[in-house]
Amino acid sequence: MAVLPDRKEPSALSLAIVVPLDGPEDRCSVIDAAKAGDLLAFEQLMRQYERLVLVTALRLLGSLEDAQDVSQEVFLKLYRNLGKVQGAASLSGWLYRVTVNACHDSRRRRPASVSMEDAGDLATAAADPQQLSAAGERSRVLEMSLRILSQKEREALVLRDLEGLSTSEVARVLGSSEATVRSQISKARVKVKGFVERYFRRRV
Amino acid sequence: MNCSEWEERLALYWAGDLDAEEAVRTQRHLAECPGCQVFLSGLKSGLHWLQEAHSEEPSPAHFAAVRARVLGELRAERQPFWRRKLLYGLAAAALLLAWTAGLRLQTPGPPAVALSRPPVVAQALAAPPVRESVMPAPGADRPVLSRHPRLVKTEPVMVRVVTDNPDVVIYWIADKKGE
């Protein structure tokens, strides 16, 4: 059985100067101000949700540059649809949906994902694991693990297991049924488990 | 059902994605199957490892860059139409000036012009001096003719124009009265 490295304690999150929008009332007032043209208010809204958008896009696309382009597109869309989202039950759900769709559009212009066999070879041949920092290695394995998945499997796994949405929330974001989402998630988890074990087995 | 068929169920069981009845069946199978226990353990480790990797986010500078781009675009959209057109026009004019200056630097200068008198050509073209007789005006005293009548020489001038192309040389021959 492959031996995985010891689990480390989660690193401290970086602090962001964000005034939390705790309740729907806070969010409504900020959205109202942003709709009226207050860019500072809109910036506050962006700071609140930028992690959600950029990190999700990064995991779906695998490229920080592409993820930044998508994030810009998503926030501009948010600004132009502030009236619509104000009435939405969940702004984060709206943002996840728009981010996933924007990633689809971005991916259409990019090459297809790497196959499982190729990803394994790339992971071991490209860099000496001992030379990568621990964080760099984790990031690399995460990126390669997601790359071996199909687009639907990747979206389901990222939203469910990395972003922590429930199965029903994932189904709403992806516009699928819960049964479909469960099937995609289970396949994705098995593939990822196999890839990670193979990666560390080759490393030893 | 063999263990490979339980893999996807185990993958759902791990995160509580099975309904109650399926979860109970899976739990019973796990209690009896060491292979599936090992599989489940590997599944948990692998996915926990990914979740920890996911918690490491991009640096704050990347987030700031996105904010700056979005706010910059929104501010630019707010500029009045005429001001935007003016800025675009100024930018276009600056580009045109820069391009024209670049062209002038590349354009070759006028060809060098040199005056020269090749001896052969000069001799061929040298005209004999012309005697100029001085006719007295009617009623005037007879002029005194000098022993040396004034001669006016016409000397031709040849202009040799040298161009950038060494194979092309222009000769321009013109009469020039002595000054």
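Structure: see above.
Residues numbered from 1 in each chain as written. Chains lettered and ligands numbered in written order. Predicted model: local features only at pLDDT ≥ 70, side-chain atom pairs only at ≥ 80, totals over all residues. Heavy atoms only, no water.

Caption draft 1: Layout of the environment of Glu 43 of chain A. All names here are of chain A. Along the chain, the position of Glu 43 falls in helix α2 (residues 39-61). Glu 43 sits in the buried class, given a relative accessible area of 17%. As for Glu 43 and Phe 75, which are separated by 32 residues in sequence, their C-alpha atoms are 9.9 Å apart. (Helix = DSSP H or I, 4+ residues; strand = E, 2+ residues; numbered from the N terminus. Buried < 20%, exposed > 50% of the residue type's maximum accessible area, 1.4 Å probe, protein only.)

Caption draft 2: Region of interest: the nonpolar core. With 78 residues, the main nonpolar core has Phe 42, Leu 45, Phe 75, Leu 78, Leu 82 and Leu 95 of chain A as its most contacted residues. Here the element with the most residues in this core is α2 of chain A; it accounts for 14 residues. Dropping the residues within four chain positions of it, Phe 42 of chain A is found in contact with Ala 34, Phe 75, Leu 78, Tyr 79 and Leu 82 of chain A together with Val 70, Leu 71 and Leu 74 of chain B. (Core = buried A, V, L, I, M, F, W, Y, C linked by side-chain atoms within 4.5 Å. Contact = heavy atoms within 4.5 Å.)

Caption draft 3: Spotlight on the pattern of salt bridges. Under the counting rule described, the total for this entry stands at 18 salt bridges over all chains. Note that Arg 160 of chain A is salt-bridged to Asp 17 of chain B, the shortest N-O span being 2.8 Å. With Arg 160 of chain A in helix α8 (residues 151-162) and Asp 17 of chain B in the loop between α1 (3-14) and α2 (20-32), this residue pair bridges two chains. Here Asp 17 of chain B falls in the buried class, since its relative accessible area comes to 7%. One salt bridge in this structure joins Glu 178 of chain A and Arg 182 of chain A, with 3.9 Å as the shortest N-O distance. With Glu 178 of chain A and Arg 182 of chain A both in helix α10 (residues 178-203) and four residues apart, the pair spans about one turn of that helix. Accessibility expressed as a relative area gives 36% for Glu 178 of chain A, which makes it partly exposed. Relative accessible area serves as the criterion here: at 28%, Arg 182 of chain A is assigned to the partly exposed category. (Salt bridge = Lys/Arg side-chain N within 4 Å of Asp/Glu carboxyl O.)

Caption draft 4: Region of interest: the packing of aromatic side chains. By the definition in use, this model includes three aromatic pairs over all chains. Consider the rings of Phe 42 of chain A and Tyr 79 of chain A, whose centres lie 5.0 Å apart with planes at 80°: the pair is edge-to-face. Of this pair, Phe 42 of chain A sits in helix α2 while Tyr 79 of chain A sits in helix α3 (residues 64-80); the two residues are 37 residues apart in sequence, bridging distant segments of the chain. Taking the relative accessible area as the measure of exposure, Tyr 79 of chain A reaches 18% and is therefore buried. Pairing Phe 200 of chain A with Trp 49 of chain B gives two aromatic rings, centres 5.0 Å apart and planes at 75°, and the pair type is edge-to-face. With one member in each of two chains, Phe 200 of chain A in helix α10 and Trp 49 of chain B in helix α3 (residues 34-55) form a pair that bridges those chains. We note that Phe 200 of chain A, like Trp 49 of chain B, is buried. An aromatic cluster is defined as three or more aromatic residues linked by ring pairs; in this entry it consists of Tyr 199 and Phe 200 of chain A together with Trp 49 of chain B. The ring of Trp 6 of chain B has Arg 9 of chain B lying over it, and the distance from NZ or CZ to the ring centre is 5.3 Å. (Phe/Tyr/Trp six-rings, centres within 6.5 Å; stacked < 30°, edge-to-face > 60°. Lys NZ or Arg CZ within 6 Å of the ring centre and 35° of its normal.)

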